[in-house]
Protein chains: 4
Amino acid sequence: MKKRAISDDAKAEKKQRMLDAALDEFYEKGFTAARMDDIAARCGLSKGTLYLYFNSKETLFNGLIETVAKPKQGHIVHMLQAAPSAHLALTALTEFVPQVIAEGRLPKLIKILIGDCKAFPEIIQGYRKKVIEQALAALAELFERSNQSGETRIAQPALFARLVVAPVVLSAIWQAVFAQDGDPPLDLKALFVLHRQMLMNALTMDPTEDA
Amino acid sequence: MKKRAISDDAKAEKKQRMLDAALDEFYEKGFTAARMDDIAARCGLSKGTLYLYFNSKETLFNGLIETVAKPKQGHIVHMLQAAPSAHLALTALTEFVPQVIAEGRLPKLIKILIGDCKAFPEIIQGYRKKVIEQALAALAELFERSNQSGETRIAQPALFARLVVAPVVLSAIWQAVFAQDGDPPLDLKALFVLHRQMLMNALTMDPTEDA
Amino acid sequence: MKKRAISDDAKAEKKQRMLDAALDEFYEKGFTAARMDDIAARCGLSKGTLYLYFNSKETLFNGLIETVAKPKQGHIVHMLQAAPSAHLALTALTEFVPQVIAEGRLPKLIKILIGDCKAFPEIIQGYRKKVIEQALAALAELFERSNQSGETRIAQPALFARLVVAPVVLSAIWQAVFAQDGDPPLDLKALFVLHRQMLMNALTMDPTEDA
Amino acid sequence: MKKRAISDDAKAEKKQRMLDAALDEFYEKGFTAARMDDIAARCGLSKGTLYLYFNSKETLFNGLIETVAKPKQGHIVHMLQAAPSAHLALTALTEFVPQVIAEGRLPKLIKILIGDCKAFPEIIQGYRKKVIEQALAALAELFERSNQSGETRIAQPALFARLVVAPVVLSAIWQAVFAQDGDPPLDLKALFVLHRQMLMNALTMDPTEDA
DNA sequence: CATGAATGAGATTTCATTCAT
DNA sequence: AATGAATGAAATCTCATTCAT
């Protein structure tokens, strides 16, 4: 009954090109300032075609969240939950993060989310609830487990989790906001090796020696 | 000199009200999506008056950078350069930062800068050069000095400086982007006390025990 | 002659389905607001197929006039010209009209024509010339004949003809515009019986008793 | 406190010009096909100004209903309710109507309402409820009163009321839809004099003499 | 000085029409 | 023959900026 003018594969590939173009335009201009014309032009399609695949600018934005952020999230949470020890979890994390940051799409999305967070409170709060807090909670639980097993002595697992994450945010922002084409790139691998050393060192730190 | 219809003080006060309104509108909507009408309405003045004091939306944006960001910068750099030891510098820094974050205006400005960094590359790169890199450089020099004096053994002062700064960025973003009215606020003081402990612990960390 | 892939009958049936769908869409949305997609969807065909049978939206519109309005016109004019007396003609007319109105397609077309008359002045003026004025002229001639035969005493046959027609327009508009699903329908038969009585009564009315 | 850039009078006058222009554009093109640019151009103002006074195309449309239709309605209903007899009421009505039709704005509005009735079901049904049905009800009540006083013998007052109204609709439509610049105009006065005669004649018509 | 009415360029979105499949 | 993907012109609506009052 239904004849297909083009294959499903071709459609999916076209959709991906649109998402890629949207990511770059939103990243460069912000959600509001980005123009649908430019997104269409960037992927070599007409504006009408863009609207054939995404009903609105906002739908396109949501599509980005789905395809860029969601996949990473699952991986990280699983990594933390499956880890046999805090040491191994932090090792895995500090090895994985630089790759994700260097790949480039997540820093761009984070930059977009920060810039337009107030324009889409539902999206940003959903992201916070489903991605950020879940990851922070998974980290905190990991440290509570390792505290109980005697592996670590972490006084405030929730705050500690945030310090673990801080350089992730920092480097994403750096990559997306401050890095310039001409500059020597930030040595992400070395940064996270150093971060790991500090974290390892702190895992069994005596909490009484307050400053 | 002609007689003034209104005093310079009244003018300055009016200008400040406009800047405050602009900070909030830019923060809530982003530079592009913020409307001059709304900024005018927020400070109880007419749009015409706004243009009497600032020639354009962009001029207003520049005004924000000048009044919000610049003052902090000087203070921090001076604090680091004048510190007699790395330990004392970090103590001072981790005490000062939570105050600045909690005050609220800097996180808002940072959020705006991130969102619209690509729209104003000159501004953002100027900010990077004059504020960020100068602060990072001051930190790195501090650690080189303390290494030489034997106080510390920091293998990579430049990377270490970034890890010092990471929670500042994290908490600013958290404050500006994720914090919600209903939520219990992030305990900034405790976070930076913990951060300080980790940093102190790391100052004399043995760099050979790599992961 | 080439062999046909589908029969002429199947083609005609398909064309009719398109016209029916178009009548309803034009009626519900007006010519401009009606979408070709919706017309296609309403008759279960694709947009491409629609264009295979009608070259443009306007062609489709013309097709409606031809198939809906023209057939009625011939019947009415013939009815009036063949009538042996004014009384019998009015009887026939007031019996025929309620059926046509109740059938529904003509009121819909009239509503469309009124709504878009200025967009298609040629069509509407053609319709006026060929349908309306011809019918009004046939009526007026009928009354002139009956005046001469002594059957009636109608002072102004042309104006009288318009008053004969007025309830036709009124009920068509009512049907097409004001009638709602929930309402008790307008009793067309009774309305036209009453109309007939008034007309009969007026056929021999003494014209001198002016107000 | 509030300085006015222009006077309230000037504003009202400008608003009226916009409404006049809108009436003509909607009348000529229909609601959907009419362009806001053209309406603005027709009253010598910019599109932006139009939106300063009316928030949307639909608001403008509503403004027309308010200013064109509402005033007439009150007058007619009052005329019918205050009439001492059916004869006098019909005389007053058939004298008033030709003026209103000839003035031109109401026929235009009626044409618009018919054309776009399906696009604005709430408006058209509100109009029906508040204008049409109220007028028809006032007429029917008038005839019931005159039946009781012995002045008239009208078998079906509700249907009779519709026949009273029919030529109003007919002539409005004729004026708005079929009348052309070159044509001799329809003699409204004579038409309604004839209509009045027929109505008067029918007021005491013997209902038994059915056709 | 201060105001807010006016402007018009530019944004998102729609849809008649075409044409490769 | 039939389909529906693709196009781009055109519509509504917004808003930074200007300027008469």
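How each quantity is defined
Residues numbered from 1 in each chain as written. Chains lettered and ligands numbered in written order. Predicted model: local features only at pLDDT ≥ 70, side-chain atom pairs only at ≥ 80, totals over all residues. Heavy atoms only, no water. Near = heavy atom within 4 Å. Polar contact = N/O pair within 3.5 Å; in protein donor to acceptor, adjacent residues only side chain to side chain. Helix = DSSP H or I, 4+ residues; strand = E, 2+ residues; numbered from the N terminus. Contact = heavy atoms within 4.5 Å. Buried area = accessible area lost by both parts, 1.4 Å probe. Salt bridge = Lys/Arg side-chain N within 4 Å of Asp/Glu carboxyl O. Nonpolar A, V, L, I, M, F, W, Y, C, P; charged D, E, K, R; others polar. Axes fitted to C-alpha atoms, helices over the stretch in contact; angles between N-to-C directions. Parallel < 35°, antiparallel > 145°, perpendicular 65-115°, else oblique. Left-handed = near helix turned anticlockwise from the far one by under 90°. Least-squares fit on C-alpha atoms with pLDDT ≥ 70 in both. Buried < 20%, exposed > 50% of the residue type's maximum accessible area, 1.4 Å probe, protein only. Core = buried A, V, L, I, M, F, W, Y, C linked by side-chain atoms within 4.5 Å. Expected span 1.5 Å × (residues − 1). Bend = angle between axes of the 7 residues up to and from the residue.

(A) Broad picture of the protein's contact with DNA strand E. For DNA strand E, the set of nearby residues contains 39 residues, the closest of which are K14(B), T49(B), K47(C), K14(D) and T49(D). At 2.6 Å, a side-chain N or O of Y51(A) approaches a phosphate oxygen of DNA strand E. Residue A34(C) places a main-chain N or O atom 2.9 Å away from a phosphate oxygen belonging to DNA strand E. For the surface near DNA strand E, the elements supplying multiple residues, two or more each, are α2 (36-42) and α3 (47-53) of chain A, α1 (8-29) and α3 (47-53) of chain B, α3 (47-53) of chain C together with α1 (8-29) and α3 (47-53) of chain D.

(B) How the structure looks around the interface of chain A and chain B. Contact residues are listed per partner, giving 52 residues for chain A and 53 residues for chain B. Summing both partners gives a buried area of about 5,000 Å² for chain A against chain B, and 70% of it is carried by carbon and sulfur. Of all residues in chain A, K118(A), L163(A) and M198(A) give up the largest surface area on contact with chain B, accounting jointly for 13% of the area buried on that side. Here chain A is connected to chain B by zero salt bridges. At the boundary of chain A with chain B, the tally comes to two residue pairs in polar contact (both at pLDDT 80 or more). Among the elements of the structure, α1 (8-29), α6 (105-115), α7 (121-148), α8 (157-178) and α9 (188-203) of chain A are those that each provide at least two residues to the side of chain A that touches chain B. Counting residues per element, the side of chain A that touches chain B draws most heavily on α8(A), at 14 residues. By residue class, the composition of the side of chain A that touches chain B is 33 nonpolar, eight polar and eleven charged.

(C) Structural detail: the packing of α1(A) against α6(A). Residue and element names in this part refer to chain A. α6 packs onto α1 with a crossing angle of 55 degrees between their chain directions and a minimal axis gap of 9 Å. As the angle between them shows, α1 and α6 are arranged oblique. Crossing hand, α1 versus α6: left-handed. Packed against α1, whose contacting residues are Q16, L23, D24, F26 and Y27, the element α6 presents R105, K108, L109, K111 and I112 at the interface. Its residues assigned to classes, the contact of α1 with α6 comprises five nonpolar, one polar and four charged.

(D) Region of interest: the packing of α7(A) against α8(A). Residues and elements named next belong to chain A. Running from N to C, α7 and α8 cross one another at 120 degrees; their axes reach a closest spacing of 8 Å. Here α8 runs oblique to α7, going by the angle between their axes. In the packing of α7 onto α8, the handedness of the crossing is right-handed. Taken together, the residues of α8 that come into contact with α7 (itself represented by L136, L139, A140, F143, E144 and N147) are P157, A158, F160, A161, R162, V164 and V165.

(E) Spotlight on the arrangement of the chains. Spatially, chain B and chain C are disjoint, and the shortest separation between their C-alpha atoms is 32 Å. One thing to see here is that chain B and chain D don't touch, and their nearest C-alpha atoms sit 10 Å from each other.

(F) Structural view of the relation of the copies chain A and chain B. Least-squares fitting of chain A to chain B yields an RMSD of 0.1 Å, with the superposition described by an axial translation of 0.0 Å and a rotation of 180 degrees. As the rotation angle and translation indicate, the two copies are arranged about a two-fold axis. Minimal C-alpha separation from the rotation axis in chain A is found for G115(A), amounting to 1.6 Å. A symmetric contact is evident, with 100% of the interface residues of chain A recurring at the interface of chain B.

(G) Just the relation of the copies chain D and chain C, in detail. For the pair chain D and chain C, the superposition axis carries a translation of 0.1 Å, the fit reaches an RMSD of 0.1 Å, and the rotation angle comes to 180 degrees. Here 100% of the contact residues of chain D are again contact residues in chain C; the copies associate through an equivalent surface.

(H) Quick peek at the protein's contact with DNA strand F. Neighbouring DNA strand F are 37 residues; K14(A), T49(A), K14(C), T49(C) and K47(D) lie closest to it. Restricting attention to atoms of DNA strand F within 4 Å of the protein, one finds that 68% of them are sugar or phosphate atoms. Residue M36(D) places a main-chain N or O atom 3.2 Å away from a phosphate oxygen belonging to DNA strand F. Counted by class, the surface near DNA strand F contains 15 nonpolar, eight polar and 14 charged residues.

(I) Molecular detail of the environment of L88(D). All names here are of chain D. For L88, the location among the structural elements is in helix α5 (residues 86-103). For L88, a relative accessible area of 49% puts it in the partly exposed group. In sequence terms L88 and F26 are 62 residues apart; their C-alpha atoms lie 37 Å from each other.

(J) Local environment of the interface of chain D and chain C. Residue-level contacts link 52 residues of chain D with 52 residues of chain C. For the pair chain D and chain C, the summed buried area comes to about 5,000 Å², and 70% of that belongs to carbon and sulfur atoms. Among the residues of chain D in contact with chain C, K118(D), L163(D) and M198(D) are the three that bury the most area, contributing 13% of the side total. Remark: the boundary between chain D and chain C carries two residue pairs in polar contact (both at pLDDT 80 or more). Secondary-structure elements contributing two or more residues to the side of chain D that touches chain C are α1, α6 (105-115), α7 (121-148), α8 (157-178) and α9 (188-203) of chain D. Ranked by residues supplied to the side of chain D that touches chain C, first place goes to α8(D) with 14 residues.

(K) Focus on the nonpolar core. Judged by nonpolar contacts, the single largest core of 155 residues is most densely connected at F143(A), F160(A), F143(B) and F160(B). If you look at the next biggest cluster of nonpolar residues, it comprises 154 residues, including A21(C), M36(C), L60(C) and L139(D).

(L) View of helix α7 (residues 121-148) of chain B. Residues and elements named next belong to chain B. Over its 28 residues, α7 runs 38 Å from end to end, which matches the ideal 40 Å to within 8%, given 1.5 Å per residue. Along α7, the helix axis deviates most sharply at R128, where the bend reaches about 35 degrees. Positive backbone phi, approximately 85 degrees, marks G150, located one or two places after α7.

(M) How the structure looks around the environment of A102(C). All names here are of chain C. Within the fold, A102 resides in helix α5 (residues 86-103). Given the relative accessible area of 48%, A102 is considered partly exposed. Once the C-alpha coordinates of A102 and L188 are considered, the two residues, 86 residues apart in sequence, prove to be 7.7 Å apart. With sequence-adjacent residues up to four places away left out, A102 is seen in contact with Q175 and L188.

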